[in-house]
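Structure at a glance
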Amino acid sequence: MKRRLLLSLVLCALMVDAWAATPEIEIEIKDHLFYPDVVIVPAETKVKLRIRNLDPTPEEFESYELNREKVIAGHSETVVFIGPLVAGEYPFFGEFFPKTAQGKVVVE
Ligand SMILES: [Cu+2]
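Criteria and cut-off values
Residues numbered from 1 in each chain as written. Predicted model: local features only at pLDDT ≥ 70, side-chain atom pairs only at ≥ 80, totals over all residues. Heavy atoms only, no water. Helix = DSSP H or I, 4+ residues; strand = E, 2+ residues; numbered from the N terminus. Buried < 20%, exposed > 50% of the residue type's maximum accessible area, 1.4 Å probe, protein only. Contact = heavy atoms within 4.5 Å. Areas by Shrake-Rupley, 256 points an atom, 1.4 Å probe, with all protein chains shown as cover. Donors = N, O, S within 2.8 Å, 3.2 Å for Na, K, Ca; no water. Pairing = 2+ DSSP bridges. Axes fitted to C-alpha atoms, helices over the stretch in contact; angles between N-to-C directions. Lys, Arg positive; Asp, Glu negative; His and termini not counted. Salt bridge = Lys/Arg side-chain N within 4 Å of Asp/Glu carboxyl O. Phe/Tyr/Trp six-rings, centres within 6.5 Å; stacked < 30°, edge-to-face > 60°.

Now for the overall build of the protein chain. Each helix and strand in the protein chain was counted, giving one helix and nine strands. For the protein chain, the succession of helices and strands along the chain, N to C, is α-β-β-β-β-β-β-β-β-β. Taking all 108 residues of the protein chain together, 31% fall into the buried category. A sequence separation of at least 24 residues applies to 57% of the contacts in the protein chain between residues at least 6 apart. Of the accessible surface of the protein chain, which amounts to about 7,000 Å², a share of 62% is contributed by carbon and sulfur atoms.

This paragraph deals with the environment of A73. Tracing the sequence through the fold places A73 in the loop between strand 6 (68–72) and strand 7 (76–82). Between the C-alpha atom of A73 and that of E60, which follows or precedes it by 13 residues, the distance is 8.4 Å. Dropping the residues within four chain positions of it, A73 is found in contact with N53 and P58.

All right, on to the coordination of the copper ion then. Here the copper ion is held by E60 (OE), E62 (OE), E69 (OE) and E95 (OE), and the distances to it run 1.8 to 2.0 Å. Counting gaps between the donor residues of the copper ion yields the pattern E-x1-E-x6-E-x25-E. With E62 in strand 5 (residues 59–63) and E95 in the loop between strand 8 (88–94) and strand 9 (102–107), the pair connects residues that are 33 residues apart, well separated along the chain. The class for E95 is partly exposed, based on a relative accessible area of 35%.

Sheet strands associate in pairs through backbone hydrogen bonding, adopting either a parallel or an antiparallel arrangement. The strand order 3-9-8-5-6 describes an open sheet built from five strands, whose pairing is mixed. One side of each edge strand has no neighbouring strand; the edge strands of this open sheet are strand 3 (38–41) and strand 6. On average, each strand axis in the sheet is tilted by 20° relative to the strand beside it, whichever way the strands run. Both strand 8 and strand 9 contribute to a ladder of six bridges, which runs antiparallel. Each bridged residue has a counterpart across the sheet, and for P91 the counterpart in strand 9 is K104.

Residue position: E60 is located in strand 5. Buried E60, no salt bridge; nearest opposite-charge side chain is K70, N-O distance 11 Å. Apart from residues no more than four positions distant in its own chain, E60 is found in contact with E69, K70, V71, F93, G94, E95 and F96.

As a further point, take the pattern of salt bridges. Under the counting rule described, the total for this entry stands at six salt bridges. Among the salt bridges present, the one from R50 reaches E24, with a minimum N-O distance of 2.6 Å. Placement of the pair is R50 in strand 4 (residues 47–53) and E24 in strand 1 (residues 24–30), with a sequence separation of 26 residues. Take E24: its relative accessible area is 38%, and that puts it in the partly exposed class.

Bringing the packing of aromatic side chains into the picture now. All told, the structure shown has four aromatic pairs when counted by the stated rule. An angle of 85° between the planes, with centres 4.9 Å apart, marks the rings of F34 and F92 as edge-to-face. Of this pair, F34 sits in strand 2 (residues 33–35) while F92 sits in strand 8, and the two are 58 residues apart along the sequence. Residue F34 is classed as buried on the basis of its relative accessible area, which comes to 3%. Among the residues examined, F92 registers a relative accessible area of 2% and is labelled buried. Both rings, one in F61 and one in F92, keep their centres 5.0 Å apart while their planes meet at 35°; by these two values the pair is tilted. Highlighted residues: F61 in strand 5 and F92 in strand 8, separated in sequence by 31 residues. Take F61 and F92: they sit in the same class, and that class is buried. Through pairs of rings, three or more aromatic residues link up here, namely F34, F61 and F92.

Written out as C-alpha coordinates, the structure is:
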(Lines give C-alpha, C1' and ligand atoms only; values in the text may rest on other atoms or scores of the structure.)
Protein backbone atom coordinates (compact mmCIF):
# COMPACT_ATOMS: atom_id res chain seq x y z
CA MET A 1 0.00 0.00 0.00
CA LYS A 2 2.71 2.43 1.03
CA ARG A 3 4.85 1.53 -1.96
CA ARG A 4 1.91 2.07 -4.31
CA LEU A 5 1.31 5.54 -2.89
CA LEU A 6 4.97 6.44 -3.35
CA LEU A 7 4.88 5.22 -6.94
CA SER A 8 1.85 7.33 -7.77
CA LEU A 9 3.48 10.36 -6.17
CA VAL A 10 6.56 9.85 -8.33
CA LEU A 11 4.41 9.44 -11.46
CA CYS A 12 2.49 12.55 -10.55
CA ALA A 13 5.70 14.56 -10.15
CA LEU A 14 6.91 13.33 -13.53
CA MET A 15 3.66 14.36 -15.17
CA VAL A 16 3.74 17.84 -13.66
CA ASP A 17 7.33 18.16 -14.84
CA ALA A 18 6.42 17.13 -18.40
CA TRP A 19 3.48 19.50 -18.42
CA ALA A 20 5.56 22.45 -17.22
CA ALA A 21 8.15 21.79 -19.90
CA THR A 22 5.65 21.69 -22.78
CA PRO A 23 6.60 24.51 -25.16
CA GLU A 24 3.76 26.71 -26.33
CA ILE A 25 3.47 28.27 -29.77
CA GLU A 26 0.94 30.92 -30.70
CA ILE A 27 -0.80 30.97 -34.05
CA GLU A 28 -3.21 33.68 -35.12
CA ILE A 29 -5.94 33.49 -37.71
CA LYS A 30 -6.64 36.80 -39.41
CA ASP A 31 -8.49 37.43 -42.68
CA HIS A 32 -8.60 33.62 -43.08
CA LEU A 33 -4.81 33.31 -43.02
CA PHE A 34 -2.54 31.70 -40.43
CA TYR A 35 0.21 33.79 -38.83
CA PRO A 36 2.77 32.31 -38.83
CA ASP A 37 1.93 29.86 -41.58
CA VAL A 38 5.09 27.87 -40.91
CA VAL A 39 5.53 26.64 -37.35
CA ILE A 40 8.86 25.06 -36.45
CA VAL A 41 8.89 22.65 -33.52
CA PRO A 42 11.53 20.29 -32.11
CA ALA A 43 11.32 16.58 -32.88
CA GLU A 44 10.13 14.10 -30.26
CA THR A 45 8.58 16.87 -28.18
CA LYS A 46 5.02 17.49 -27.16
CA VAL A 47 4.01 21.02 -28.15
CA LYS A 48 1.03 23.14 -27.22
CA LEU A 49 -0.44 25.22 -30.04
CA ARG A 50 -2.51 28.16 -28.84
CA ILE A 51 -4.63 29.16 -31.83
CA ARG A 52 -6.26 32.57 -31.68
CA ASN A 53 -9.00 33.34 -34.16
CA LEU A 54 -9.11 37.11 -34.68
CA ASP A 55 -11.74 36.83 -37.42
CA PRO A 56 -15.44 37.20 -36.57
CA THR A 57 -16.18 33.93 -38.37
CA PRO A 58 -15.47 30.44 -36.99
CA GLU A 59 -12.60 28.42 -38.39
CA GLU A 60 -11.63 24.80 -38.05
CA PHE A 61 -8.01 23.89 -37.53
CA GLU A 62 -7.58 20.65 -39.42
CA SER A 63 -4.66 18.39 -40.27
CA TYR A 64 -4.76 14.86 -41.61
CA GLU A 65 -1.04 14.44 -40.98
CA LEU A 66 -1.32 15.60 -37.37
CA ASN A 67 -4.65 13.83 -36.91
CA ARG A 68 -6.20 16.96 -35.39
CA GLU A 69 -9.46 18.76 -36.01
CA LYS A 70 -10.84 21.54 -33.85
CA VAL A 71 -13.36 24.31 -34.40
CA ILE A 72 -12.44 27.77 -33.10
CA ALA A 73 -15.33 30.21 -32.78
CA GLY A 74 -14.89 33.76 -34.04
CA HIS A 75 -12.93 36.03 -31.69
CA SER A 76 -11.84 33.17 -29.48
CA GLU A 77 -8.94 30.81 -28.95
CA THR A 78 -8.26 27.17 -28.36
CA VAL A 79 -5.39 24.87 -27.50
CA VAL A 80 -4.27 21.90 -29.57
CA PHE A 81 -1.53 19.56 -28.36
CA ILE A 82 0.66 17.93 -31.00
CA GLY A 83 3.56 15.51 -30.84
CA PRO A 84 5.88 14.05 -29.96
CA LEU A 85 6.56 13.85 -33.70
CA VAL A 86 9.34 12.60 -35.94
CA ALA A 87 11.08 15.11 -38.22
CA GLY A 88 9.09 16.09 -41.28
CA GLU A 89 6.39 18.39 -42.56
CA TYR A 90 2.80 18.28 -41.34
CA PRO A 91 0.42 20.49 -43.33
CA PHE A 92 -2.66 22.02 -41.70
CA PHE A 93 -5.49 24.14 -43.03
CA GLY A 94 -8.64 25.96 -42.03
CA GLU A 95 -11.45 23.77 -43.20
CA PHE A 96 -13.90 26.65 -43.54
CA PHE A 97 -11.53 28.74 -45.71
CA PRO A 98 -9.16 26.09 -47.14
CA LYS A 99 -8.10 28.17 -50.16
CA THR A 100 -6.40 30.80 -48.02
CA ALA A 101 -5.97 29.30 -44.56
CA GLN A 102 -3.01 27.00 -45.07
CA GLY A 103 0.10 26.29 -43.11
CA LYS A 104 2.46 23.59 -41.95
CA VAL A 105 4.25 22.38 -38.90
CA VAL A 106 7.90 21.66 -39.62
CA VAL A 107 9.42 19.24 -37.15
CA GLU A 108 13.20 19.28 -37.01
CU1 LIG B 1 -12.90 19.05 -40.31
